[in-house]
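Notes for the structure review
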Amino acid sequence: MPHTSNSVSRTLWSLLLFTLCSQLVIMWALPYADSSEPRYAAIAQIMAQSNDWITPWFSPDVPFWGKPPLSFWAQALSFKVFGINEFTGRLPSWLVNIAITALIMHGTRCIMQLQPHLTRAQSYTPLLAALIYNTMCLAFSNAGAVLTDPYLNLGLSLSMVALLQQAAQPSKAWGWAFFVGLSIGMLSKGPLALVFCFAPLVLLAFFRHRFVLNLLRRLPWVSGTLLFCALSLPWYILAELKTPGFLNYFLIGEHISRFLVPGWQGDLYGTAHKAPLGSIWISLPPATFPWGLLSLFLLIKAWRKHGLRAFMSLPTGSLYLFILALFPAIFFTAAGNILWTYLLPGLAPLAILTAYYCPPITRPIQRMVAASTALVPIAGLVLAGLSLHDVTITKTERPIVQEFLARATPSDTLYFVDKPTFSARFYSQERTASIDPAVFNSNDEAATPRFVVIANDNSKTLKTVTDQHYSAIAHSKRYQLFMRSQP
């Protein structure tokens, strides 16, 4: 058995390193695709260039009230230190993923301490949990993404592991870490972090109230609350003072209207993602692929053998993780505007549970594990490779902007017969503007721009400019770039 365990550990380490390195390659190769990544990257770019570390700006004259600044701080700092490009914008999220991976391994060890009577857990189980998490489709795709969700996940994972550590072996340092995790969540997504931390404990209390009460008593509430307030509240106060109206929009609009009002029209910065109620559950299989299938198999197997008792008889630590894993889907069941990234906080507890209850990995099964874990990383590498050779693979205007910058003078602007896309704004460093297509029907040549971008489906304007002194010089998946030539 020791020899087999060492062999499995070496295999799992190799797979985990391959996965993490794959993420780095994809971070370098894939362009920012509209709309989320380049939108947040553009905000961080403005922050880095303006040195305004209080208010994130949606554009140079419009404050961004949609999210707290933690992710923008990290990305802007990376831009200032390493330069502005896709890789440096994504690097902080990848480092956050490394921290989450370490927390998952430590949380798994805590569960093994809490539940030593279960013999399925092996010495390599923490490593397996880390690998399972990193090779789930949603976790892998968010590992180096310019989004706010990885930072929320870091905060929630830290608070979760701090509670597991307090249950296994109380420590003042880990007690404070619980409140640091809440602060990270507050500065990355807002009060939603408090809901995602405490609501699962309320649900757990219905089944194991003594455990929850004893666990909460072990936390340093006075010093921890002071620490939480010191880390979280100053920015909220400064943001409201600097741009009045922020708190009303963020607390009411982003935390209530966005989720309960389908197609919410109050969104100042994009389009609300309207979806039928309960459709978040449809996103669960692809988000957890391929390991969600194993989790479901283990759940069905336990249910067929024990029925409802399989759930009721779960050890308390496992029951807590089970609630955490499903809570994002439960919480957003009634939401009218959803994204699959909302499921991310449930993946770390699901990975720990799946690894903990996974049957021992024998030599014949090692190949199956290797194949399963390689599916998502290899798919990501293939996509990255294709995007380097075909500009229409992803929805990005990087090739258009690159051609524009190669031919433009410092005074030129990239005009869109439409609203400029976020990727165009980022890659041009805010050298974009909108233009009315009626300009091209006039005889005033001085009013027509030197460079114009037109959507592929805008056949009327495309015909107008091609009938004039314009030539197509670049294209993307959705747009064409035209340059005016001399008559």
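As the structure is a prediction and not an experimental result, all values here were calculated from the model.

Quick notes on the overall build of the protein chain
Within the protein chain one finds 20 helices and seven strands. Taking the principal axes of the C-alpha coordinates as reference, the protein chain spans close to 85 × 55 × 45 Å. Within the protein chain, the proportion of its 487 residues that are buried is 54%. A fraction of 75% describes how many contacts in the protein chain between residues 6 or more apart in sequence connect residues 24 or more apart. Taken as a whole, the protein chain presents about 21400 Å² of accessible surface, with 66% of it coming from carbon and sulfur.

Side note on empty space enclosed by the protein
One way to see where empty space is left: roll a probe the size of a water molecule over the atoms. Inspection of every chain in the model, using the stated rule, returns five cavities of 30 Å³ or more. Its boundaries defined by the atoms lining it, the largest cavity holds a volume of some 120 Å³. In this structure, the largest cavity is lined by Leu156, Ser157, Met160, Phe196, Cys197, Pro200, Tyr320, Leu324, Phe327, Pro328, Pro345 and Pro349. When residues of the lining of the largest cavity are traced back to their parent elements, those giving at least two are α7 (149–168), α9 (192–217) and α15 (316–331). A breakdown of the residues in the lining of the largest cavity according to their chemical character gives eleven nonpolar, one polar and no charged.

Digging into the packing of aromatic side chains
A full pass over the atoms with the stated rule returns 29 aromatic pairs. Relative to phenylalanine 332, the ring of phenylalanine 196 has its centre 5.8 Å away and its plane inclined at 45 degrees; by these criteria the two rings are tilted. On the criterion of sequence distance, the pair formed by phenylalanine 196 in helix α9 and phenylalanine 332 in the loop between α15 and α16 (347–357) is long-range, its members being 136 residues apart. Assigned by exposure class, phenylalanine 196 and phenylalanine 332 land together as buried. Geometrically, the ring pair formed by phenylalanine 246 and phenylalanine 250 is stacked, given 5.5 Å between the ring centres and 15 degrees between the ring planes. One end of the pair is phenylalanine 246 and the other is phenylalanine 250, both in helix α11 (residues 246–260) and four residues apart, which spans about a single turn. The class of phenylalanine 250 is buried, set by a relative accessible area of 1%. The residue whose ring lies beneath arginine 39 is phenylalanine 422, and the NZ or CZ to ring-centre distance is 5.8 Å. Over the aromatic face of phenylalanine 58 sits the side chain of arginine 425, whose NZ or CZ is 5.3 Å from the ring centroid.

Considering the pattern of salt bridges
By the definition in use, this model includes nine salt bridges. In this structure, arginine 398 and glutamate 86 form a salt bridge, with 2.6 Å as the shortest nitrogen-oxygen distance. On the criterion of sequence distance, the pair formed by arginine 398 in helix α18 (residues 398–407) and glutamate 86 in helix α4 (residues 86–114) is long-range, its members being 312 residues apart. Comparing arginine 398 with glutamate 86 shows no difference in burial state: the two are buried. In this structure, lysine 189 and aspartate 149 form a salt bridge, with 3.4 Å as the shortest nitrogen-oxygen distance. On the criterion of sequence distance, the pair formed by lysine 189 in the loop between α8 (172–188) and α9 and aspartate 149 in helix α7 is long-range, its members being 40 residues apart. With a relative accessible area of 10%, lysine 189 lands in the buried category. Looking at aspartate 149, the relative accessible area reads 8%, which means it is buried. Connected through shared salt-bridge partners, Asp34, Glu397 and Arg478 make up one network.

Focus on α4
The terminal C-alpha atoms of α4, which comprises 29 residues, lie 42 Å apart, in line with the 42 Å expected from a rise of 1.5 Å per residue. By the largest-angle criterion, proline 92 marks the main kink of α4, which is about 30 degrees. With a side-chain oxygen positioned 3.0 Å from the backbone nitrogen of phenylalanine 87, the residue opening α4 is asparagine 85.

Here we look at unusual backbone geometry
Omega for the peptide link from aspartate 34 to serine 35 comes to 10 degrees, which places this bond in the cis form. Looking at where serine 35 falls in the secondary structure, it is placed in the loop between α1 (2–29) and α2 (36–50). Following phenylalanine 289, the chain continues into proline 290 via a peptide bond in cis, with omega recorded as 0 degrees. Mapped onto the secondary structure, proline 290 falls in the loop between α12 (284–288) and α13 (291–306). One non-glycine residue, aspartate 418, lies in the positive phi region at around 160 degrees. Examined against the element boundaries, aspartate 418 turns out to sit in the loop between β3 (414–416) and α19 (422–427). Non-glycine residue glutamine 429 carries a positive phi angle of around 55 degrees.

Some points on the pairing of strand β7 (residues 479–484)
Here strand β5 (residues 451–455) runs beside β7; their pairing, made up of five bridges, is antiparallel. Bridging from a neighbouring strand, valine 452 pairs with phenylalanine 482 of β7. Inspection of the sheet shows strand β6 (residues 470–475) paired to β7 by five bridges, in the antiparallel sense. Each residue of the ladder has a partner; that of serine 471, found in β7, is methionine 483. Connecting β6 to the next strand, β7, in antiparallel fashion are three residues.

Analysis parameters
- Residues numbered from 1 in each chain as written.
- Predicted model: local features only at pLDDT ≥ 70, side-chain atom pairs only at ≥ 80, totals over all residues.
- Heavy atoms only, no water.
- Helix = DSSP H or I, 4+ residues; strand = E, 2+ residues; numbered from the N terminus.
- Buried < 20%, exposed > 50% of the residue type's maximum accessible area, 1.4 Å probe, protein only.
- Contact = heavy atoms within 4.5 Å.
- Areas by Shrake-Rupley, 256 points an atom, 1.4 Å probe, with all protein chains shown as cover.
- 1 Å grid on protein atoms, 1.4 Å probe; cavity = no way out; pocket = protein on both sides within 12 Å on 5 of 7 lines; lining within 4 Å.
- Points joined across faces, edges and corners; volume = space filled by probe spheres on them.
- Nonpolar A, V, L, I, M, F, W, Y, C, P; charged D, E, K, R; others polar.
- Phe/Tyr/Trp six-rings, centres within 6.5 Å; stacked < 30°, edge-to-face > 60°.
- Lys NZ or Arg CZ within 6 Å of the ring centre and 35° of its normal.
- Salt bridge = Lys/Arg side-chain N within 4 Å of Asp/Glu carboxyl O.
- Expected span 1.5 Å × (residues − 1).
- Bend = angle between axes of the 7 residues up to and from the residue.
- Polar contact = N/O pair within 3.5 Å; in protein donor to acceptor, adjacent residues only side chain to side chain.
- Pairing = 2+ DSSP bridges.

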